[in-house]
Amino acid sequence: MANMYSGTILRINLSGGTISKEPTSAYSGDFLGGRGINAKILYDGAPPGINPLDPASLLIFGMGPLCGTPVSASRTEITFKSPETGFLGSTNFGGFFGPELKYAGYDHIVITGKADKPVYLWIYNDQVEIRDAAHIWGKDTYETQDIIRTELDPENRLACIGPAGENLV
């Protein structure tokens, strides 16, 4: 099963602007798929009693071992501490984002911290950057995608929020 993972977990700390990587193999032997590994990362990384919207809380994107394969399993799992229940929250979405992230070499993205200004993550294989998003802030998801694709590459795959997400809705 190990050869079905891309091999890397990407950790982003928005407060410090730091980017680090760790091997997926630290989790893949004991936990299965995007959902299982995400749950373990959240359990280990979110201190008991932490407010879900606290900068120290985690937002985790995970793709399972079948994501990006011919098997119809290209869901991206998002795991977090739920503001509604205070317990595990999770959702998922399909599309090209998860498979493209796997092709770039990443099985999970773990985001923590709070940036001083609006930012977005730019990932191109081994290159990972936290970039300024002030010019995108306040735009809806369609406008956001159009702006980023016009600036960078029309083939970019994105996961983004709009004004509702910006306002913690």
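Small disclaimer: the values here were computed from a predicted structure and weren't measured. For every chain, the first residue of the written sequence is number 1, and numbering continues from 1 along that sequence. Where local features are concerned, this predicted model is filtered to residues with pLDDT of at least 70; where side-chain atom pairs are given and counted, the filter is 80 or more; whole-chain, interface and lining totals use all residues. Calculation of side-chain values draws on the structure's entire complement of heavy atoms; hydrogens and water are dropped beforehand.

Enquirer: Break down the pairing of strand 8 (residues 127-132) for me, citing the residues and quoting the values.
Expert: By the bridge criterion, 6 bridges tie strand 7 (residues 119-124) to strand 8 in an arrangement that is antiparallel. Opposite tyrosine 124, over in strand 8, you have glutamine 127 as the bridge partner. Note on pairing: two strands pair once DSSP finds at least 2 bridges between them. Note on conventions: DSSP H or I runs of at least 4 residues are helices, E runs of at least 2 residues are strands, and numbering of each starts at the N terminus. From the end of strand 7 to the start of strand 8, which pair antiparallel, there are 2 residues, and asparagine 125 there has a positive phi angle of about 55 degrees.

Enquirer: Explain the packing of aromatic side chains to me, and be specific about the residues and the numbers.
Expert: Within 6.5 Å between ring centres, the rings of Phe, Tyr and Trp (the latter by its six-membered ring) count as paired, and their orientation is classed by plane angle as stacked under 30 degrees, edge-to-face over 60, tilted in between. Tallied over the full model, the rule gives 3 aromatic pairs. With 5.9 Å between their ring centres and 45 degrees between their planes, phenylalanine 93 and phenylalanine 97 make a pair best called tilted. An aromatic cluster of three or more residues is present, and its members are Phe61, Phe93 and Phe97. For a ring to carry a charge above it, either NZ of a lysine or CZ of an arginine must fall within 6 Å of the ring centroid while also lying within 35 degrees of the normal to the ring plane. The ring of tryptophan 122 carries arginine 131 above its face, with NZ or CZ at 4.2 Å from the centroid. Sitting above the plane of the phenylalanine 96 ring, arginine 157 keeps its charged end 4.1 Å from the centroid.

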